[in-house]
Amino acid sequence: MQKVYEDLKQGRDIRNNLIALKQMLKEEGALEEYLSMTEDDELIASFLQNEDAKIRKNAALVLGLLQSQESIEKIWEAYVSESQLFVRGAYLSALQKLNCRAYEKQLKARYQKLLAYEAGEEEQKHVQDEMKELRRLGIQFDGGISRHVFTGYHKPQDFILTTLKNYQDTTSVQIESGAARVIPMGVQVAGGDIREALNIRTFREMLFTLRCDKNLPPRPAVIAGELAKSNMIRILKELHEGEEPFYFRLEIKSTMPLDKKSVFAKKLAAEIEQRTRHFLVNSTENYEVELRFVQNRNGGFYPCMKLYTIPMKRFSYRKYTTASSMHPTLAALLAELASSWLAERARVLDAFCGTGTLLMERIYALPVRSAYAIDTFADAIQGARENAGIAHMNINFVNRSFFEFEHEQKFQEIWADMPVRGKKTKEEQDAFYQAFFVKVQELLQERGRVFLFCNENGIAKKYLRLNPCLHLKQEFCIREKDGAYFFIIEMRECAKQPEDAPQEALEDSDSGKEGTVQEAGKEQEGQQ
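Residues numbered from 1 in each chain as written. Predicted model: local features only at pLDDT ≥ 70, side-chain atom pairs only at ≥ 80, totals over all residues. Heavy atoms only, no water.

1. A few points about the nonpolar core
Core analysis: the largest hydrophobic core is formed by 46 residues, its most contacted members being Leu-8, Leu-18, Leu-21, Ile-44, Phe-47 and Leu-107. Look past the residues within four positions of Phe-47 in its chain and what remains in contact with it is Leu-8, Ile-14, Leu-18, Ile-55, Arg-56 and Ala-59. Counting residues in hydrophobic clusters, the runner-up holds 41 residues, among them Leu-198, Val-289, Phe-301 and Ile-310. (Core = buried A, V, L, I, M, F, W, Y, C linked by side-chain atoms within 4.5 Å. Buried < 20%, exposed > 50% of the residue type's maximum accessible area, 1.4 Å probe, protein only. Contact = heavy atoms within 4.5 Å.)

Pasting the structure below:
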């Protein structure tokens, strides 16, 4: 740093040395090191008058990093007199790190002037950059972003509830208000009751549909123009209290290469800001609105909108989770699929509970007499205990291996989200399943049921054949891609197989043949 400073004093390679100093000042302790070399130094501020616009730009950014309050008047004067648009944002960036309250009125007036300004194509990017920095200053002056309050519960709305593929009907049948129809991404509801829909536990996201072309061409200006003419702004105004702007982010679901997607998103965000006259403002941190664009096979984009202003309280009990925790909407879906097999006031056991999501969604589906949750991971058990407290559920948590657990009373239901193979070999996983199917028969009462979620379909079916007391009642293919299945199994009293019984006799048992077997497989997928 000393050499860079000396070179700057001598006027050697000013631009590159300012860039180098700028990078150094971002490192921890660098500011103190620089200040120790200088006292009342006006060297950097002097570069604000340099003929080279890039030197002026980098000098302003360095002054911001130096938090040079004594240079604020010079930074302001340079900003006001700057003729190069691409430099103006650097002065504003520096002002954000200083006490510039004295210039609040002028800065807000400048922002309003740019709002009304019709920027040409060549200057549009630089004007957008200046406005972005002015907005950040405005937020500082106003004490932070003004949040909007969602108030749109009273009026019927059109929206989409996204669901797991092939299980749209499980959510659709729960819609009571409005007209519901199944679409590939979930359930589309016309004239629906938002408050009612928010109580449904099996959907993932609520997206609002926009009245515009549903196959927008991949051209940012065209997309932004269509959005500006749609009902998007009206929806945001009608459903919220609070003044504009609304801060938004983009979600582009596309097969574009990452670099092209990034360029596309930046251009689209800028166009949306301009076409909505900055009613919508792009922000990656403080957004309340997500504009989502899903690309179809023909290259067009389907637009929809997600509102983060709507309080989502369905899973508010999930304060503690782990990387392997089941998603709550999947747990809710499994409980819903099992609903016709659940026992009232049952004694329920979760064999590998983690932080408790699956068991708690089972309890939400139908009250239980008693609930036990087992896991060897102490931190998960502690997190599950606190989650249950938030949900006001009385669950007995046991930090122990399921295979060592014993209880004087038999259970009517055993739930299990089976551990994925991970570092286990196929042989070790096979032995794990073998031991599991033996253990459940020790703990289940007659006609008790096992609700098993796993991605080892072949191993699970093998041990159902080898355990004739366990009868497969129903199965669901949850995710065909990774082989995730949900099995509903019932235990019945059965005659002990002779020790010399041939293997064929075991395989010909009636396991898996009784009841309805549902597999949401390739046929349904093809229809969509």
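The rest of the description comes next.
2. Points about the pattern of salt bridges
On inspection of all chains with the given rule, the structure shows 34 salt bridges. The closest approach of N and O atoms between Glu-226 and Lys-229, which form a salt bridge, is 3.5 Å. One end of the pair is Glu-226 and the other is Lys-229, both in helix α12 (residues 220–229) and three residues apart, which spans about a single turn. Here Arg-492 makes a salt bridge to Glu-490, at a shortest N to O gap of 3.3 Å. For the pair formed by Arg-492 and Glu-490, the shared burial category is buried. Through salt bridges that share partners, Glu-205, Arg-249, Glu-251, Lys-253, Glu-290, Arg-292 and Lys-306 make up one connected network. (Salt bridge = Lys/Arg side-chain N within 4 Å of Asp/Glu carboxyl O. Helix = DSSP H or I, 4+ residues; strand = E, 2+ residues; numbered from the N terminus.)

3. Structural notes on the layout of surface pockets
If you add up the space inside the largest pocket, you get close to 1100 Å³. In terms of lining residues, the largest pocket is bounded by 30 residues, among which Lys-132, Lys-266, Ala-269, Ala-270 and Asn-282 are the most central. A breakdown of the residues in the lining of the largest pocket according to their chemical character gives 10 nonpolar, eight polar and 12 charged. (1 Å grid on protein atoms, 1.4 Å probe; cavity = no way out; pocket = protein on both sides within 12 Å on 5 of 7 lines; lining within 4 Å. Points joined across faces, edges and corners; volume = space filled by probe spheres on them. Nonpolar A, V, L, I, M, F, W, Y, C, P; charged D, E, K, R; others polar.)

4. Considering the packing of helix α8 (residues 104–115) against helix α9 (residues 124–141)
It is at 10 Å that the axes of α8 and α9 come closest, and there the two elements cross at 140 degrees. Between α8 and α9, the angle falls in the class oblique. The crossing of α8 and α9 is left-handed. For the pair α8 and α9, the contacting residues are Glu-104, Leu-107, Lys-108, Arg-110, Tyr-111, Leu-114 and Leu-115 in the first and Val-127, Glu-130, Met-131, Leu-134, Arg-135, Leu-137 and Phe-141 in the second. (Axes fitted to C-alpha atoms, helices over the stretch in contact; angles between N-to-C directions. Parallel < 35°, antiparallel > 145°, perpendicular 65-115°, else oblique. Left-handed = near helix turned anticlockwise from the far one by under 90°.)

5. Structural notes on helix α16 (residues 357–365)
For an α-helix, 3.6 residues make a turn, and residues three or four places apart therefore share a direction. For α16, the buried fraction is high: seven of the nine residues fall into the buried class. Of the residues making up α16, those classed as buried are Thr-357, Leu-358, Leu-359, Met-360, Glu-361, Arg-362 and Ile-363. Buried positions along α16 lie against α15 (328–337), β11 (346–350), β12 (368–375), α17 (378–391) and β14 (411–417).

6. With respect to unusual backbone geometry
That bond from Glu-244 to Pro-245 is cis: its omega, 10 degrees, falls within 30 degrees of zero. Its location among the elements puts Pro-245 in the loop between β6 (240–241) and β7 (246–253). Unlike most non-glycine residues, His-392 shows phi in positive territory, near 55 degrees.

7. What to know about the sheet that holds strand β16 (residues 470–479)
Here we have seven strands laid out as an open sheet, ordered β13-β12-β11-β14-β15-β17-β16, and mixed in their pairing. Every interior strand has two partners, whereas the edge strands, β13 (396–399) and β16, have only one. Between one strand and the next, the sheet's axes are offset by a mean angle of 15 degrees, whatever the strand orientation. Across six bridges, the pairing between β14 and strand β15 (residues 444–454) is parallel. What sits directly across from Glu-413, in β15, is Arg-449. (Pairing = 2+ DSSP bridges.)

8. Focus on the pairing of β11
Within β11, five of the five residues are buried, which leaves the element mostly enclosed by the surrounding structure. Neither face of β11 is exposed, since Ala-346, Val-348 and Asp-350 on one face and Arg-347 and Leu-349 on the opposite face are all buried. The pairing of β11 with β12 spans five bridges and is parallel. Bridging from a neighbouring strand, Leu-349 pairs with Tyr-372 of β12. Crossover connection from β11 via α16 to parallel β12: handedness right-handed. (Right-handed = clockwise from strand over helix to strand, strands pointing away.)

9. Brief notes about the side chain of Glu-133
Checked against the element boundaries, Glu-133 lands in helix α9. Polar side-chain contacts of Glu-133 include one of 2.5 Å to the side chain of Gln-96. Ignoring anything within four residues of it in the chain, the contact list for Glu-133 reads Gly-89, Leu-92, Ser-93 and Gln-96. (Polar contact = N/O pair within 3.5 Å; in protein donor to acceptor, adjacent residues only side chain to side chain.)

10. Let's talk about the packing of aromatic side chains
Given two aromatic rings, one states the distance between the centres and the angle between the planes to describe the pair. Across all of its chains, the model carries 24 aromatic pairs by this definition. Considering the side-chain rings of Tyr-317 and Tyr-364, the 5.9 Å spacing of their centres and the 40 degrees angle between planes classify their relative orientation as tilted. Here Tyr-364 lies in helix α16 and Tyr-317 lies in the loop between β10 (301–307) and α15, a separation of 47 residues in the sequence. Residue classification places Tyr-364 among the partly exposed positions, given a relative accessible area of 36%. Between Arg-88 and the ring centre of Tyr-79, over which it is positioned, the NZ or CZ distance is 4.5 Å. A cation sits over an aromatic face here: Arg-314 above Phe-203, 3.8 Å from the ring centre. (Phe/Tyr/Trp six-rings, centres within 6.5 Å; stacked < 30°, edge-to-face > 60°. Lys NZ or Arg CZ within 6 Å of the ring centre and 35° of its normal.)

11. Observations concerning the confidence of the model for the protein chain
In low-pLDDT segments, the atomic positions of the prediction should not be examined closely. Mean pLDDT over the protein chain: 89, with 93% of residues reaching 70 or higher. Throughout residues 498–528 the model reports pLDDT below 50, and contacts reaching past four residues in sequence, or to other chains, amount to 44 contacts. (pLDDT = per-residue confidence, 0-100.)

12. Looking at the sheet that holds strand β8 (residues 280–282)
Spatially, β3-β4-β2-β5-β10-β9-β7-β8 is the arrangement adopted by the eight strands of the open sheet, whose pairing is mixed. Where the open sheet ends on each side, the last strands, each with one partner, are β3 (179–183) and β8. On average, each strand axis in the sheet is tilted by 35 degrees relative to the strand beside it, whichever way the strands run. As judged from the three bridges shared by β7 and β8, these two strands associate in the parallel manner. From the neighbouring strand, Phe-246 faces β8, where its bridge partner is Leu-280.

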